[in-house]
Amino acid sequence: MSQLFTALISLRRNMMRSILTTLGIIIGISAVIIMFALGEGAQREVEEKIKSLGTNLLMVRAEAINTAGARGASGNVNRLNISDADAIKRDLSEVVAVGAYNRGQAQVVYGNQNWNTGIQGANVDLLTASNWQVTDGRAYSESEVRSGAKVVLIGETVAKELFDDPAFAVGETVRVNKIPLKIIGLLGAKGEDMRGFDQDDILIMPLTTANRRVIGKSGRDINRVSRMVVAVDEENNMTYVSEEMERLLNQRHRVAAGQTAFSVRNLSAMLSTRAEANKVFSSLLAGVAGVSLLVGGIGVMNIMLVSVTERTREIGLRMAVGAKPRAILAQFLIESVVLCLVGAMLGLLISLLAVGLMQFGMGWSMALSPVIMLISVVGTALIGVGFGFYPAYKASNLDPIEALRFE
Amino acid sequence: MNELSSSASTPTIQCEQLSHSFPMAGERFQVLKGIDLTVMPGEMVAIIGPSGSGKSTLMNLIGCLMTPEQGELKILGKSTSGLTKAQLADVRRDHIGFVFQQFNLLARTSALDNVKMPLMYHDEPIKDADERARACLESVGLGDRLHNHPSQLSGGQQQRVAIARALINRPDILLADEPTGALDTHTSGEIMALFRKLNNAGHTVVLVTHEMEVAEQADRIVMVRDGCLLQDSSQHLEGAK
Ligand SMILES: Nc1ncnc2c1ncn2[C@@H]1O[C@H](COP(=O)(O)OP(=O)(O)O)[C@@H](O)[C@H]1O
Ligand SMILES: [Mg+2]
């Protein structure tokens, strides 16, 4: 206890030097903690995203035809069709919903307001598969999809941009790429997606409406879709469904054996893979930060060596009045551990402030891990012992007479 | 001093044929050549001799700061031969109080904390450390300077703090190597009077000096020259006592 006190006193004497010495430790600790908080935050965000997505989604896309590893000429792409969606739903009882859609961009005008937004032309099932809620008004019907009715569902962001109050949107007519469409429903807000894109900046309309009038080019198959989102009843059936689906699509489109025309991907698996990669990356950065902890340790060793030299006479005196070598060793070890821990505390403080700022000031998703905080503080104490040992040993091994004579 | 009554016949210090040499220019320079010296409890002994004659070496041997090449040292009748560094540290802590020429006080540390410092090396924490340190400072006449730092004290006062520090562990022997060497004549007289007073109070004192006036304050003078004890005045003084 009194040793701890002595250590604190001697560190306070050289306040400036102590703080400069621990700079490496301070930076190291705060970098480690911030990096892990970022990594953990990203991970949690993905987990929440997956939860909101529902875990049982498969994404189907048409690929350029690939024969034995070689890509075919561009344009040689298979076309997914709205009837493929119907066939999948009909043939595979494990499939709950098949959302089929095309994507595009459009200028939407209401009165003197205009806004550039993403649009989706889709079948009815897409609303189920992609988990869209219609909070005001209604969804479009199968017959509206068949007839290409001039109706549209409006995302919250678009509604806010065009109308003073989104509640007035339903029933109004907007011009989408100059085509007048009647707003029949308001889509419930979903927020940002994984990459930070605003999912509510969207218009959703019947597939045929989009294909024929809004994003369609003349002569194009109005039943064509670029992607499908398939909701499966149970997670256990995901593999089976994705294999069966690919087989079914290959059969329907007469894809030759050995060729790949469609890709079927597990959306949550994709997300968690990306999250995993994120995590590896931030752990890597945290590792680099850990190296700066080591460098900090070397700084501590250096300053402890200086301190031992400066206090040689003091050490001699302490030995003369009865300090055993072990007591001198302990005193300097404690001092170097205290020095490191002071650095760790400052680093902790800085990282807490930084994480708070990033989270509440900048809206980043951060997750502080008490375990990482504990590990880095304990690790720093160990660094103090490790790098403090040599100087402390040197002090304890001094000859009392020579130490007392030292000028 | 605690052992005074119980073992009055046991010498406090007993040097038997102490010899020591230092390496010098590839050879060994024989500093001490078989010193025999016995100090009884309650004695005040001055060791004098020219500079470089080996007085400090002898003091360092007696104080267990180093071990002799040859011969034996007994403290309170117990041999110190073959003790480890840690055991020697215990002997110093339990039996010996050092006073140095260069005071060796911790800078930027109060007189009280300087005096208290040796107490932190006991195996059991000392509870009344503050009271003990205060009593020691009072006994050297610095009861009103407890919280002054060395830089706020005169040379004589600093040496008094150092003496108080030497007393804190209630040593059986006070060892002082040229305690007045850094002080002016007047102050050195005061410090010698303090040693005299401590000796009268029962402390065994051994001090080194190269000044005869200083040495004459002791009741026994021992002269070292060329590594040998030349003259021991104890015989003369014994009659006077
Ligand atoms: N550690 C040492 N290494 C080499 N020579 C030493 C050492 N200590 C003392 N000496 C030599 O031993 C001799 C006696 O020294 P010392 O005991 O300090 O004498 P005194 O205190 O009487 O002046 C001196 O010549 C000194 O140079
Ligand atoms: Mg000397």
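Cut-offs and rules
- Residues numbered from 1 in each chain as written.
- Chains lettered and ligands numbered in written order.
- Predicted model: local features only at pLDDT ≥ 70, side-chain atom pairs only at ≥ 80, totals over all residues.
- Heavy atoms only, no water.
- Helix = DSSP H or I, 4+ residues; strand = E, 2+ residues; numbered from the N terminus.
- Rg over C-alpha atoms; globule rule 2.2 N^0.38 Å.
- Contact = heavy atoms within 4.5 Å.
- Areas by Shrake-Rupley, 256 points an atom, 1.4 Å probe, with all protein chains shown as cover.
- Lys, Arg positive; Asp, Glu negative; His and termini not counted.
- Charge placed at Lys NZ, Arg CZ, Asp CG, Glu CD.
- Near = heavy atom within 4 Å.
- Polar contact = N/O pair within 3.5 Å; in protein donor to acceptor, adjacent residues only side chain to side chain.
- Nonpolar A, V, L, I, M, F, W, Y, C, P; charged D, E, K, R; others polar.
- Phe/Tyr/Trp six-rings, centres within 6.5 Å; stacked < 30°, edge-to-face > 60°.
- Buried < 20%, exposed > 50% of the residue type's maximum accessible area, 1.4 Å probe, protein only.

(A) Highlighting the overall build of chain B. Of regular secondary structure, chain B possesses 8 helices and 10 strands. Here the C-alpha radius of gyration of chain B, 18 Å, is about what a compact globule of 241 residues would show, namely 18 Å. In terms of overall dimensions, chain B has a C-alpha envelope of 45 × 45 × 40 Å along the principal axes. Counting only contacts in chain B whose residues sit at least 6 apart along the sequence, the fraction spanning at least 24 positions is 72%. Accessible area of chain B: about 10800 Å², with a carbon and sulfur share of 49%. On chain B, the mean spot of the 22 positive side-chain charges and the mean spot of the 29 negative ones are 4 Å from each other.

(B) Geometry of the site of ligand 1. Taken together, Arg405(A), Phe22(B), Phe29(B), Val31(B), Pro50(B), Ser51(B), Gly52(B), Ser53(B), Gly54(B), Lys55(B), Ser56(B) and Thr57(B) make up the full set of residues near ligand 1. A distance of 2.7 Å separates an oxygen atom of ligand 1 from a polar atom in the backbone of Gly52(B). For ligand 1, an oxygen atom lies 3.2 Å from a polar atom in the backbone of Ser53(B). Contact with the protein chains removes 72% of the 550 Å² of surface that ligand 1 exposes when unbound. Every element with two or more residues in the shell around ligand 1 is listed here: strand S2 (27–39) and helix H1 (55–62) of chain B. Sorting elements by how many residues they give to the shell around ligand 1 places H1(B) first, with 3 residues. Among the residues making up the shell around ligand 1, the classes are represented as 4 nonpolar, 6 polar and 2 charged.

(C) How the structure looks around the packing of aromatic side chains. Residues and elements named next belong to chain A. Counted according to the given criterion, the structure contains 3 aromatic pairs over all chains. Note on Phe-389 and Tyr-393: the rings are 6.2 Å apart at their centroids and 15 degrees apart in plane angle, and the pair reads as stacked. Separated by 4 residues within a single helix, Phe-389 and Tyr-393 lie in helix H13 (residues 370–396), roughly one turn from each other. Judged by relative accessible area, which is 41%, Tyr-393 ranks as partly exposed.

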